[in-house]
Amino acid sequence: MSEPIIASSSRASEDGAPTPIHCLYESELAAFVEARPSFVKGFVALEDFKAKAGQVLVLPTPQGAVDRVLLGLGTRDKAEAMLFRALPSRLPAGDYRLAAVPDGFDAGQIALAFALGAYKFDRYRPRTGDEPRRLVADENVDLHEVHAVAHACALARDMVNTPANDMGPLQIETIAREIAERHGASLEVITGDDLLDQNYPAVHAVGRAAVPARAPRMLELTWGDGAHPRVAIIGKGVVFDTGGLDIKPSGGMRLMKKDMGGAAHALALGRMVMAAGLPVALTVLVPAVENAIAGDAMRPGDVLATRSGLTVEVGNTDAEGRLILADALTRAAELKPVLTLDLATLTGAARVALGPQVIPFYTPDDDLALEIEEGAREACDPVWRMPLWDGYREAIEGDIADLKNDPDGWAQAGSVTAALFLQRFAPATGAWAHFDIFAWNPKARPGFASGGEAQVIRGLYGMLKSRFPKAQA
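Residue positions within a chain follow its written sequence, with the count starting from 1. Local features in this predicted model are restricted to residues whose pLDDT is 70 or higher, and side-chain atom pairs enter the listing and the counts only when it is 80 or higher, whereas totals over whole chains, interfaces and linings include all residues. Derived side-chain values reflect all non-hydrogen atoms in the structure, with water molecules and hydrogen atoms excluded from consideration.

Peer 1: I would appreciate a short explanation of the environment of alanine 111 in the present structure.
Peer 2: Where helices and strands are cited, they refer to DSSP runs of H or I of at least four residues and of E of at least two residues respectively, numbered from the N terminus. Structurally, the position occupied by alanine 111 is in helix H3 (residues 107–117). Among the residues examined, alanine 111 registers a relative accessible area of 1% and is labelled buried. The sequence separation of alanine 111 and valine 136 amounts to 25 residues, and the corresponding C-alpha distance is 8.6 Å. By definition, residues are in contact when any of their heavy atoms lie within 4.5 Å. When sequence neighbours within four positions are dropped, the list of residues in contact with alanine 111 reads Ile5, Leu135, Val141 and Val146. Accessibility here uses a 1.4 Å probe with only protein chains present; expressed as a share of the type maximum, an area under 20% marks a residue as buried, one over 50% as exposed, and anything in between as partly exposed.

As C-alpha cells, then:
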C-alpha cells in the first residue's frame, strides 16, 4: 500500500495538480460560497453542507470532474485535527492538498490524522485495485515522524483486529523480535516452565493451561543508552480470554481476541520512541498468555505466588490481567525506572464509567498527570484521570493471602480497585501511570473504522517527547 501522506516535492515529476481542500468554519461558509460561481452555491445548498464538524463535500466542475473539496470544521472552540481522519474514506482516489492550513492547527497533526483515517484492515479480504487517496503534505511537516507514528498505530490496530488463531503468544513474540531487529534493540524471551525458574509465577499460572504451541512467555525488549533515564512500558498480552474456569458467556467472549490490546499498544509506543531516537533507556515488558481452560488451569480459591513475594488469592479466574501485570510491574521496579507506564484492556468497569472513546488513567503523581493530560490534548487522544481512592483499598485485601484479585463487591468501582491492585506492585522509584484502555471502536464513525483502535499512545508519545527532549543539532 502506498503512503497516504506524500511530500510536495514528490509531485514535481507527476502529471496533474493535487485537488485543493478548503477547510471552513461554519461562520466562514457564506463568504466562501458568495465568492464562487453560482453553481457552487447551488451544490452546497443541494447537499445541505453547513460546514459542521467533519462534513465533507466534493465539489465537481461543470463537466463532472472533481474541482475541490470542502471540509467542515464546525465552530472554532471545538475544532480539532482529528476531523481530518474523515477525509480518506469520503474522497475519490487521487492526490489532495490543503488550500491553507487553518489558523490554530498544526500541519503535522493534520497529516497524521489523514494517515490514521486511511487505515484499513484487509488481511482476510484483500482489496485489489483500490487506488490510494493521498495528502500532499505541507513542506514543514516531518514526514518521517508522521509515517512512524501512523505505522505504529496501524500495527497496534492490526494486532488487535487479528483473531486469536493467528495472534497467539508466539506471534506477539515474533512482532516484538521484528521491532527489536529494526531498531537495534535486544529481546529476551522466557517461555513455559522456564517462567517458574526465572520467577514469573503469576504469568505462568495464568497461561499454563494453554496448549504447548501457545505457551505463556515473558518478553523484555531493551533499547537505548543505559546512561539515559530508564523508561518502562508494560502491556497486557492476553491473546484470548475465555475467563478461565469462571468462564465468560458467549457474548462476553466474542471480542476477547482484543485482550492483548495492551501488549499491542506497548509495542507500538515503544516503536514510536525508538523511531524518534528519544534519549531514554527503554524497556518494553509484555507478558503474553492465553487464559485457557484445561485440567491444570488455575482455580477459584487458589493462592498464587508473585515475583514480588506478595501472595494473591484467586477469587475469579476472569480477573487474570492484573495477575500477569503484577509480575511485569515487579520486573520493571527492579530496573529502577524514572517512569513506568502500563496499558491494559483490564476492566469492563472502565467502559461503564467513561465509555469506549475516553480512556481512564491512574497515577498518584500530580505532575505526571498534568503532563499526560497536556500530551493527550495536543494529540486529540482523550483521557480522563481517575482517583486511586484510599477508601477502596481494603476491598482487595486477601482473606488468607496478601491480596485477592477480585475486590469485595461493596467497593463497586472495578476499574479503581484494579488500579489499586496494580499500584501494590508498581515501582516505588520514579513515576507510574496505569491506562485502562478499550482498544476498540464498537461503532464506525467518520475516520474511525469499527474494530481495533489505537488509544492514548499518541498522547503518551507527545508527553515523552516533551519530558525527554532530543538535543538540538
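Peer 1: What should I look at first to understand the sheet that holds strand S5 (residues 94–98) in this one?
Peer 2: Note: strands within a sheet are paired through backbone hydrogen bonds, in either parallel or antiparallel orientation. Taken in spatial order, the six strands of this open sheet run S1-S6-S5-S2-S4-S3, and their pairing is mixed. In this open sheet, the two edge strands, each paired with only one partner strand, are strand S1 (5–6) and strand S3 (56–60). Strand pairing is assigned whenever DSSP detects at least two bridges linking the two strands. Taken together, the five bridges between strand S2 (residues 19–25) and strand S4 (residues 66–74) define a ladder with parallel strand orientation. When the bridges of S4 are listed, cysteine 23 appears paired with leucine 71.

Peer 1: I keep staring at the pairing of strand S18 (residues 431–436) and nothing clicks. Help me out?
Peer 2: Side chains on a regular strand alternate between the two faces of the sheet. Here S18 lies mainly inside the structure; six of its six residues are buried. Burial along S18 is two-sided: the face carrying Ala431, Ala433 and Phe435 and the face carrying Trp432, His434 and Asp436 are both buried. Relative to S18, strand S14 (residues 339–344) runs parallel, the two being bridged by six bridges. Bridge pairing in S18 places leucine 341 opposite alanine 433. Pairing of strand S15 (residues 359–362) with S18, which is carried by two bridges, proceeds in the antiparallel orientation. Along S18, the bridge assignment pairs phenylalanine 361 with phenylalanine 435.

Peer 1: Explain the pairing of S14 to me, please; I cannot follow it from the model alone.
Peer 2: Here S14 lies mainly inside the structure; six of its six residues are buried. Neither face of S14 is left uncovered, since the one carrying Leu339, Leu341 and Leu343 and the one carrying Thr340, Asp342 and Ala344 both have all their residues buried. Relative to S14, strand S9 (residues 230–235) runs parallel, the two sharing five bridges. Looking at the pairing, isoleucine 234 lines up with aspartate 342 of S14.

Peer 1: Honestly, a nonpolar patch on the surface in this entry has me stumped. Any pointers?
Peer 2: Residues Leu245, Ile247 and Ile293 make up a contiguous nonpolar surface patch of roughly 260 Å² in combined accessible area. Its relative accessible area of 41% is what places isoleucine 293 among the partly exposed residues. For patch building, the residue pool is restricted to those with more than 30% relative accessible area and no salt bridge; the joining distance is 9 Å between like charges and 5 Å between nonpolar side chains (Val, Leu, Ile, Met, Phe, Trp, Tyr). Computed by Shrake-Rupley with a 1.4 Å probe, the accessible areas treat only the displayed protein chains as cover when residues are assessed. What counts as a salt bridge is simple: a side-chain nitrogen of Lys or Arg found within 4 Å of a carboxyl oxygen of Asp or Glu.

Peer 1: I keep staring at the sheet that holds strand S12 (residues 303–305) and nothing clicks. Help me out?
Peer 2: Within the open sheet, the three strands sit side by side as S12-S13-S17. Their pairing is mixed. Among the strands making up the open sheet, the edge pair consists of S12 and strand S17 (403–404). Note: strand S13 (residues 311–313) against S17, two bridges, orientation parallel. Opposite glutamate 313, over in S17, you have lysine 404 as the bridge partner.

Peer 1: Would you take a moment to explain the nonpolar core for this structure?
Peer 2: If you look at soluble globular proteins, the nonpolar side chains tend to sit buried side by side. Among the buried residues, those of types Ala, Val, Leu, Ile, Met, Phe, Trp, Tyr and Cys that are joined through side-chain atoms within 4.5 Å form a nonpolar core. Counting residues in hydrophobic clusters, the biggest one holds 95 residues, and the most contacted among them are Phe84, Ile172 and Phe435. The contact partners of phenylalanine 435, leaving out residues within four places of it in the chain, are Leu341, Asp342, Leu343, Ala344, Pro360, Phe361, Ile372, Val456 and Leu460. Counting 41 residues, the second largest nonpolar core, distinct from the first, contains Tyr200, Met298, Leu388 and Leu420.

Peer 1: It is not clear to me how helix H10 (residues 321–334) should be interpreted in this structure. Could you clarify?
Peer 2: Because each turn of an α-helix spans 3.6 residues, side chains separated by three or four positions in sequence point in the same direction. For H10, spanning 14 residues, the distance from its first C-alpha to its last is 20 Å, which sits close to the expected 20 Å at 1.5 Å a residue. Turning to H10, its buried residues number three or more, namely Gly321, Arg322, Leu323, Ile324, Leu325, Ala326, Asp327, Ala328, Leu329, Thr330, Arg331 and Ala332. Phi turns positive, to about 55 degrees, at lysine 336, one or two residues after H10. Expected span of a helix, by definition, is 1.5 Å for each gap between consecutive residues, and there is one gap fewer than residues.

Peer 1: When you look at the packing of aromatic side chains in this model, what are you seeing that I'm missing?
Peer 2: The relative placement of two aromatic rings is captured by the distance of their centres and the angle of their planes. The criterion for an aromatic pair is that two Phe, Tyr or Trp rings (for Trp, the six-membered ring) have centres within 6.5 Å, with stacked assigned to planes under 30 degrees apart, edge-to-face to planes over 60 apart and tilted to the rest. Evaluated as defined, the whole model comprises five aromatic pairs. Ring centres of phenylalanine 361 and phenylalanine 435 lie 5.6 Å apart, and the angle between their planes is 20 degrees; on these two criteria the pair is classed as stacked. Of this pair, phenylalanine 361 sits in strand S15 while phenylalanine 435 sits in strand S18; the two residues are 74 residues apart in sequence, bridging distant segments of the chain. With a centroid separation of 6.4 Å and 65 degrees between ring planes, the pair formed by tyrosine 392 and tryptophan 410 is classed as edge-to-face. Separated by 18 residues along the polypeptide, tyrosine 392 in the loop between strand S16 (383–385) and S17 and tryptophan 410 in the loop between S17 and helix H13 (414–423) bring together distant segments of the chain. A ring has a charge above it when a Lys NZ or an Arg CZ is no more than 6 Å from the ring centre and no more than 35 degrees off the ring normal. Geometry around phenylalanine 32 places arginine 36 over its ring, the cationic atom sitting 3.9 Å from the centre. Sitting above the plane of the phenylalanine 448 ring, arginine 85 keeps its charged end 3.7 Å from the centroid.

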